Amino acid sequence: MAEELNRQKPSEQELKSYYESLPVEGGFASACRMVLPADELRGKRVLDVACRKGKGVYKLSELVGPDGWVIGVDWDSHRLDSARAGASAALERSGYVKSNMEFRQGFPEDLRSAGVIDASVDVAYVNSSVTLFFDQRRTIFELFRALVPGGLLVMETVFAVAGEGAVSDREAIVACARSLGNSIQAARTADEVFRWLREASFKVIDVVESYEVDPARGCTPDHAVATVSNDEAVRYEAVVIHARC
């Protein structure tokens, strides 16, 4: 499996071109619930992939405490600048004397580009923007590589559940949704995501929360996002997955 991934590894230019062309996420990715096992995070080293402007990192910073460490990784240098700019205010709110977080630029499919070495974090977190990644499957393998034995992946994502009359060409719907930046309609099925997790060698996989979501739902109730037509027979379920190495 690792040999196959190495053969198909995208170039840095491919990743750069894809992420530069990706529209700003349509809203749902900004409304993740971050269902985190707080009692397991104290003193741990945590990785937040696609950290955007750092809100998730700030929350994780409080949960890991002054003896823990949080690494936020994102491909967008401007968003990372915003994240770094807000770090001091986040530390002031938590009351910590020194920083326990850092921000690095890199791609989800190649976390080595952000200096994330093998078995270097206890917990990895990725939000529902994962459905818009260049290669979600490869990212899952990268997250497993980064985790220590027994480590935990907290993955918020969306499952597509096809009903009667659903369009058979699911790939076309996903491709169109990705071009729109609609992280809900870009969802894969539960079977696909569970298969990728098992292929990456995650041993225990649990869905700890799920709820139905509207593809047109934006980051606020009055904010609608662009959707793919002819997709009415598919419903979308937001899920929180805890997967252990």
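Throughout, a residue's number is its position along its own chain's written sequence, starting from 1. Since the coordinates come from a predicted model, pLDDT governs what is reported: local features require at least 70, and pairs of side-chain atoms require 80 or more to be given and counted, while whole-chain, interface and lining totals use all residues. Side-chain measures here rest on the full set of heavy atoms in the structure, leaving out hydrogens and waters.

A.B. asks: Before we move on, can you summarise the packing of aromatic side chains with the specific residues and values?
C.D. replies: In this scheme Phe, Tyr and Trp rings, the latter by its six-membered ring, pair at centre separations within 6.5 Å, and the angle between planes marks the pair as stacked below 30 degrees, edge-to-face above 60, and tilted otherwise. Taken as a whole and judged by the stated rule, the model has eight aromatic pairs. With a centroid separation of 5.1 Å and an interplanar angle of 80°, the aromatic rings of Y18 and Y19 are classed as edge-to-face. Pair check on accessibility: Y18 and Y19 agree, each one buried. The interplanar angle of 90° and the centroid separation of 5.9 Å between the aromatic rings of W75 and F133 together place this pair among those described as edge-to-face. You can see W75 sitting in the loop between β2 (69–74) and α5 (77–94) and its partner F133 sitting in the loop between β4 (121–126) and α6 (136–146), a full 58 residues away along the chain. Using a relative accessible area of 11% as the deciding quantity, one classes W75 as buried. An aromatic cluster is defined as three or more aromatic residues linked by ring pairs; in this entry it consists of Y18, Y19, W75, F107, F133 and F134. Each residue is assigned to one of three classes by its accessible area relative to the maximum for its type, calculated with a 1.4 Å probe on protein chains only: buried under 20%, partly exposed between the two thresholds, exposed over 50%. The secondary structure listing takes helices from DSSP runs of H or I that are at least 4 residues long and strands from runs of E that are at least 2 residues long, numbered from the N terminus.

A.B. asks: Go over the packing of helix α4 (residues 55–64) against α5, please, and point to the residues and values.
C.D. replies: Each pair of packed helices gets described by two things: the angle between the helix axes and the distance between those axes. Axis geometry follows a simple rule: fit a line to the C-alpha atoms, using only the stretch in contact for helices, then measure angles between N-to-C directions, giving values from 0 to 180 degrees. Put simply, α4 and α5 touch, their axes get as near as 9 Å, and they point 35° apart. When you trace α4 past α5, the crossing you get is right-handed. For the pair α4 and α5, the contacting residues are Y58, S61 and E62 in the first and S82, A83, G86, A87, A90, L91, R93 and S94 in the second. Broken down by class, the residue content of the contact of α4 with α5 amounts to five nonpolar, four polar and two charged. Note on convention: near helix rotated counterclockwise from far helix by under a right angle means a left-handed crossing. Clockwise means right-handed. The contact definition used throughout considers only heavy atoms, calling two residues in contact when any of these lie within 4.5 Å. Residues are grouped as follows: nonpolar covers Ala, Val, Leu, Ile, Met, Phe, Trp, Tyr, Cys and Pro; charged covers Asp, Glu, Lys and Arg; every other residue, Gly included, is treated as polar.

A.B. asks: Describe helix α8 (residues 190–199), naming the residues involved and giving the relevant values.
C.D. replies: Looking only at α8, the buried set comprises E192, V193, W196 and L197. Looking straight down α8, one finds its buried side chains confined to an arc of 135°; they lie on one side. Relative to its buried face, α8 has exposed residues pointing more than 90 degrees away, namely D191 and R198. Turning to α8, the residues buried within the fold contact α6, β5 (147–162), β6 (204–213) and β7 (234–244). Just downstream of α8, S201 is the residue with a positive phi angle, here 90°. Relevant arc is that of directions from the helix axis to the C-beta atoms, nothing else.

A.B. asks: Can you tell me about the sheet that holds strand β3 (residues 101–105), naming the residues and giving the values?
C.D. replies: Taking strand neighbours across the sheet as the criterion, the seven strands line up as β3-β2-β1-β4-β5-β7-β6 in an open arrangement whose pairing is mixed. Looking at the sheet topology across the chains shown, the edges are occupied by β3 and β6. Strand-to-strand, the axes of this sheet are offset by a mean angle of 20°, without reference to chain direction. Two strands qualify as a pair provided DSSP detects at least 2 bridges between them. The pairing of strand β1 (residues 45–49) with β2 spans five bridges and is classified as parallel. In the strand pairing of β2, L47 is matched with I71. Sheet strands in contact with α8 are β5, β6 and β7, and its direction is about 165° off that of β5.

A.B. asks: So what's going on with the packing of α6 against α8? Which residues, and what values?
C.D. replies: As a packed pair, α6 and α8 sit with axes 9 Å apart at the nearest point and diverge in direction by 35°. At the point where α6 passes α8, the crossing takes the right-handed sense. Together, Q136, R137, I140 and F141 of α6 and V193, W196, L197 and E199 of α8 make up the contact between the two elements. Partitioned by chemical class, the residues of the contact of α6 with α8 number five nonpolar, one polar and two charged.

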